[in-house]
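Listed here are the chains, written in short residue letters.
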Amino acid sequence: MTANFDSARFRQVLGHLPTGVVIVTGLDAEAQPVGVTIGSFVSVSLDPPYVGFFIGKSRSWPDISSGTLFCANVLSDAQTELCWRFAKDPVDGAANRFEGLEWQQSSNGMPILSGILASIDCTVESVTPAGDHRFVLAQVTSLHTAEATHDAMVFYKGKVGGVALNAI
Ligand SMILES: Cc1cc2nc3c(=O)[nH]c(=O)nc-3n(C[C@H](O)[C@H](O)[C@H](O)COP(=O)(O)O)c2cc1C
């Protein structure tokens with residue numbers, strides 16, 4: 001840690017910047033679904049079509065990235081339970097975070113969770129060290145949207161809620 005740097009203050013101030021929330025999903029070496037909640041997902045480039053996100057000391061990422069394919073599931077504001085489920089260890093004796101969940105296969109065979117607003121199929125292009133995280137740059141291979149019945153989820157000041165867009 002950089003001397004005299006107040007990391008709690010860093011978290012608190014950066015928490016003022018709202019982000020969307022996705023669950024990055026993939027399949028492990030046994031073809032079992034794995035996933036992790038990510039707030040740093042971002043559009044990077046149009047041509048070629050790149051997206052990216054930052055991953056920290058993740059236990060799931062080595063499993064997801066071993067196959068180089070993943071799917072970014074864009075959460076709605078009705079999916080708070082999913083957001084926290086994929087940010088914590090499996091609860092109540094569940095073997096994994098997918099226990100009891102409905103999911104389908106995306107175009108590239110990765111897990112798509114029920115009720116999401118959109119899904120973005122990706123192939124990992126590069127993984128670059130970025131401090132205590134790594135930046136995952138990925139090529140978009142296919143895109144899907146669902147019939148939206150909810151607003152997008154937003155993560156803000158450590159809490160999740162909905163994006164209520166008022167005219168300004
Ligand atoms: C709203 C939200 C956004 C998050 N965004 C990120 C992120 O961008 N990068 C990251 O590495 N972890 C992020 N996390 C934390 C991970 O979801 C959490 O550390 C998780 O337990 C990692 O699981 P894993 O070890 O199975 O990968 C976020 C958590 C929440 C609740």
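Residues numbered from 1 in each chain as written. Predicted model: local features only at pLDDT ≥ 70, side-chain atom pairs only at ≥ 80, totals over all residues.

A word on the overall build of the protein chain. Each helix and strand in the protein chain was counted, giving 3 helices and 12 strands. For 168 residues, the compact-globule estimate of 2.2 N^0.38 gives 15 Å, and the protein chain sits close to it at 16 Å. Taking the principal axes of its C-alpha atoms as reference, the protein chain extends roughly 45 × 45 × 40 Å. Counting all 168 residues of the protein chain, 28% fall into the buried class. Relative to all contacts within the protein chain whose residues are 6 or more apart in sequence, the contacts with residues 24 or more apart total 63%. (Helix = DSSP H or I, 4+ residues; strand = E, 2+ residues; numbered from the N terminus. Rg over C-alpha atoms; globule rule 2.2 N^0.38 Å. Buried ≥ 20, exposed ≤ 12 C-beta atoms within 10 Å, placed from the backbone. Contact = placed C-beta atoms within 7 Å.)

Attention now goes to the site of the ligand. Taken together, 18 residues sit near the ligand, with Gly 39, Ser 40, Gly 56, Ser 58 and Ser 60 positioned nearest. Those elements that provide at least two residues to the shell around the ligand are β3 (33-38) and β5 (50-55). For the shell around the ligand, the residue count by class is 10 nonpolar, 6 polar and 2 charged. (Near = placed C-beta within 6 Å. Nonpolar A, V, L, I, M, F, W, Y, C, P; charged D, E, K, R; others polar.)

Attention now moves to unusual backbone geometry. A cis geometry characterises the amide bond from Asp 47 onward to Pro 48, with omega recorded as 5°. Positioned with a positive phi, Ala 31 is a non-glycine residue whose angle comes to about 65°. Relative to the helices and strands, Ala 31 resides in the loop between β2 (22-27) and β3.

Within the secondary structure layout, Ser 126 lies in strand β9 (residues 118-130). Residue Ser 126 is classed as exposed on the basis of its C-beta count, with 12 C-beta atoms lying within 10 Å. With 74 residues separating them in the primary sequence, Ser 126 and Gly 52 have C-alpha atoms 9.6 Å apart.

Right, let's get into the environment of Asp 132. Mapping Asp 132 onto the fold places it in the loop between β9 and β10 (133-145). In sequence terms Asp 132 and Ile 55 are 77 residues apart; their C-alpha atoms lie 8.8 Å from each other.

Here we come to the pairing of β10. Across 6 bridges, β5 lies against β10 in antiparallel orientation. Of the residues in β10, the one forming a bridge with Phe 53 is Val 136. Of the pairings in the sheet, the one linking β9 to β10 comprises 12 bridges and is antiparallel in character. In the strand pairing of β10, Ala 130 is matched with His 133. (Pairing = 2+ DSSP bridges.)

In strand β11 (residues 153-156), alternate side chains face the same way, and those of Met 153 and Phe 155 are buried while those of Val 154 and Tyr 156 on the opposite face are not. The pairing of strand β1 (residues 19-20) with β11 spans 2 bridges and is antiparallel. Across the sheet, residue Thr 19 finds its bridge partner in β11, namely Phe 155. Pairing analysis gives 4 bridges linking β11 to strand β12 (residues 159-162), with the strands arranged antiparallel. In the strand pairing of β12, Val 154 is matched with Gly 161. Following β11, the chain reverses through 2 residues before pairing antiparallel with β12; Lys 157 in that reversal takes a positive phi of roughly 50°.

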